[in-house]
Amino acid sequence: MVKIWLGAAALIWTQGLLQAQVTLSAAVNAASYLNPSLPNGNLTQGGVFIVFGSGLGPSKLAEISAFPLPTTLSGTSISATVGGTTVHCIMLYTSAGQVAAVLPSDTPLGTGTMEVTYNNANSAPLNITVAAHDFGIFAVNQGGSGPGVLTNAITNVVNSSAAAANPGDLEDIWGTGLGPVAGNEAAGPLPGNIPNLNVQLFIGGQSAQVMYAGRSG
């Protein structure tokens, strides 16, 4: 009787330990992947971010497929607490080692913490800093380095040495971290220029005309 009881207790303890192994290593801008310790490596209100770690979600990648966007996806959810206010992030995809989500635009500015929950197991808090604006350009390699994702606004062809931009061309620069928006971010696209946003763009030291600065439809 004693041996059976001890064995059952050990099994229960081991299962609990495995369920609790949700660990976070970093949360970064989903486009630039900049180190959070850098001046422009903050998370932003309304920006897309990626969390790296282990035990964050299912072994097979799960992605959103329709609006409205959820705050829980395949058992994974993310919360951020800044200035005593906790917000629930809007999920985009989840997997065991990497999760992507939108930090709500109403997240307070300043320093705080982030936690990931998977199947009711919580991670330890990860320190974060939230800024209003810290724009990052998506990279062709999807890893934050090298050529950026710039496309011809008419043809949608990605800019490259074989498809160079010419003076007078309209180009789209794809990124995240421009700043917060108004409206229900989970319900669907919120296109339109972000108000009170002074965006300047320089190409080869020359100022280019910015015709639109906001979210994609």
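Numbers given to residues run from 1 along each chain, matching the order in which its sequence is written. Totals for whole chains, interfaces and linings use all residues, but because this is a predicted model, local features are given only for residues with pLDDT of at least 70 and pairs of side-chain atoms are given and counted only at 80 or more. To obtain the side-chain values, all non-hydrogen atoms of the structure were included, while hydrogens and water were left out.

Engineer: What should I look at first to understand the overall build of the protein chain in this one?
Structural biologist: Helical segments are the DSSP runs of H or I of at least four residues, strand segments are the runs of E of at least two, and each set is numbered from the N terminus. Across its full length, the protein chain carries 1 helix and 20 strands. Once the C-alpha set of the protein chain is aligned to its principal axes, its extents read approximately 85 × 40 × 35 Å. Of all 217 residues assigned to the protein chain, the portion counted as buried reaches 32%. In this description, contact between two residues means that some pair of their heavy atoms is separated by no more than 4.5 Å. Long-range pairs, those at least 24 residues apart, make up 59% of the contacts in the protein chain with a sequence separation of at least 6. Under the scheme applied here, a residue whose accessible area is under 20% of the maximum for its type counts as buried, over 50% as exposed, and between as partly exposed, the area being computed with a 1.4 Å probe on protein chains only.

Engineer: Help me out: how do you make sense of the environment of Ala213 in this one?
Structural biologist: Within the element layout of this structure, Ala213 appears in the loop between strand E19 (206-208) and strand E20 (214-215). Between the alpha carbons of Ala213 and Leu197 there is a distance of 8.0 Å; along the sequence they are 16 residues apart. Non-local contacts of Ala213, meaning those with residues more than four positions away in its chain, are made with Leu178, Gly192, Asn193, Ile194, Leu197 and Val199.

Engineer: Sorry if this is basic, but what is going on with unusual backbone geometry here?
Structural biologist: As a rule of thumb, non-glycine residues mostly have phi less than zero, and peptide bonds are mostly trans rather than cis. Between Phe67 and the following residue, Pro68, the backbone shows a cis peptide bond with an omega angle of 0°. Structurally, Pro68 is set in the loop between strand E4 (62-63) and strand E5 (72-73). Phi is positive for Tyr33, close to 60°, though the residue is something other than glycine. Along the chain, Tyr33 turns up in the loop between strand E1 (23-29) and strand E2 (43-44).

Engineer: Just to check I follow, could you spell out the packing of aromatic side chains for this structure?
Structural biologist: Each pair of aromatic rings is reported with the distance of its centres and the angle of its planes. Each aromatic pair joins two rings of Phe, Tyr and Trp (for Trp, the six-membered one) with centres within 6.5 Å, and gets the label stacked for planes under 30 degrees apart, edge-to-face for over 60, and tilted for any other angle. Tallied over the entire structure, the rule returns 1 aromatic pair. Taken together, a centroid distance of 5.9 Å and an interplanar angle of 55° make the contact between Tyr33 and Phe52 tilted. Residue Tyr33 is found in the loop between E1 and E2, and its partner Phe52 is found in strand E3 (residues 48-54); the two are separated by 19 residues along the sequence.

Engineer: Help me out: how do you make sense of the nonpolar core in this one?
Structural biologist: Definition used in this section: a nonpolar core is a set of buried Ala, Val, Leu, Ile, Met, Phe, Trp, Tyr and Cys residues joined via side-chain atoms within 4.5 Å. Residues Phe49, Val51, Ile78, Leu103 and Met114 are the most contacted members of the largest nonpolar core, which totals 24 residues. Secondary structure elements with two or more residues in this core: E1, E3, strand E6 (76-82), strand E9 (98-102), strand E10 (110-118) and strand E12 (126-131). When sequence neighbours within four positions are dropped, the list of residues in contact with Val51 reads Leu24, Ala26, Ala27, Leu56, Ile78, Gly97, Gln98, Val99, Met114 and Val116. Ranked by size, the runner-up nonpolar core spans 5 residues in total, among them Ala30, Ile50, Tyr93 and Ala100.

Engineer: Would you explain the pairing of strand E7 (residues 85-88) in this entry?
Structural biologist: A regular strand places its side chains on the two faces of the sheet in alternate fashion. DSSP calls a pair of strands paired once it identifies at least 2 bridges connecting them. In this structure, E6 lies alongside E7, joined through 4 bridges in antiparallel fashion. Each residue of the ladder has a partner; that of Ala80, found in E7, is Val87. From the end of E6 to the start of E7, which pair antiparallel, there are 2 residues, and Gly83 there has a positive phi angle of about 60°.

Engineer: Mind showing me how you'd approach a nonpolar patch on the surface here?
Structural biologist: Residues Ile154, Leu170, Met211 and Tyr212 make up a contiguous nonpolar surface patch of roughly 450 Å² in combined accessible area. With respect to the element layout, Leu170 can be found in the loop between strand E14 (150-152) and strand E15 (171-173). A relative accessible area of 42% means that Leu170 is categorised as partly exposed. Like charges are joined within 9 Å and nonpolar side chains (Val, Leu, Ile, Met, Phe, Trp, Tyr) within 5 Å, but only among residues with over 30% relative accessible area and no salt bridge; these make up the patches. Computed by Shrake-Rupley with a 1.4 Å probe, the accessible areas treat only the displayed protein chains as cover when residues are assessed. Should a side-chain nitrogen of Lys or Arg be within 4 Å of a carboxyl oxygen of Asp or Glu, the pair is scored as a salt bridge.

Engineer: Would you mind showing me how to read the side chain of Gln45 here?
Structural biologist: By secondary structure assignment, the location of Gln45 is in the loop between E2 and E3. Accessibility expressed as a relative area gives 11% for Gln45, which makes it buried. Apart from the residues within four sequence positions on either side, Gln45 is in contact with Leu103, Pro104, Ser105, Thr107, Pro108, Leu109, Val130, Ala131, Ala132, Gly179 and Pro180.

Engineer: Sorry if this is basic, but what is going on with the sheet that holds E1 here?
Structural biologist: The strands making up a sheet are joined through hydrogen bonds of the backbone, oriented either antiparallel or parallel. Pairing is antiparallel across the open sheet formed by 5 strands, whose spatial order is E1-E3-E9-E8-E4. Every interior strand has two partners, whereas the edge strands, E1 and E4, have only one. Bridge count for E4 against strand E8 (residues 90-94) is 2 bridges, and the pairing is antiparallel. Bridging from a neighbouring strand, Glu63 pairs with Tyr93 of E8.

Engineer: How should the environment of Pro191 be read in this particular structure?
Structural biologist: Along the chain, the position of Pro191 falls in the loop between strand E16 (175-176) and strand E17 (192-193). Taking the relative accessible area as the measure of exposure, Pro191 reaches 55% and is therefore exposed. Residues Pro191 and Val48 lie 143 residues apart in sequence; the distance between their C-alpha atoms is 16 Å. Pro191 has contacts with Tyr212 and Arg215, leaving out every residue within four places of it along the chain.

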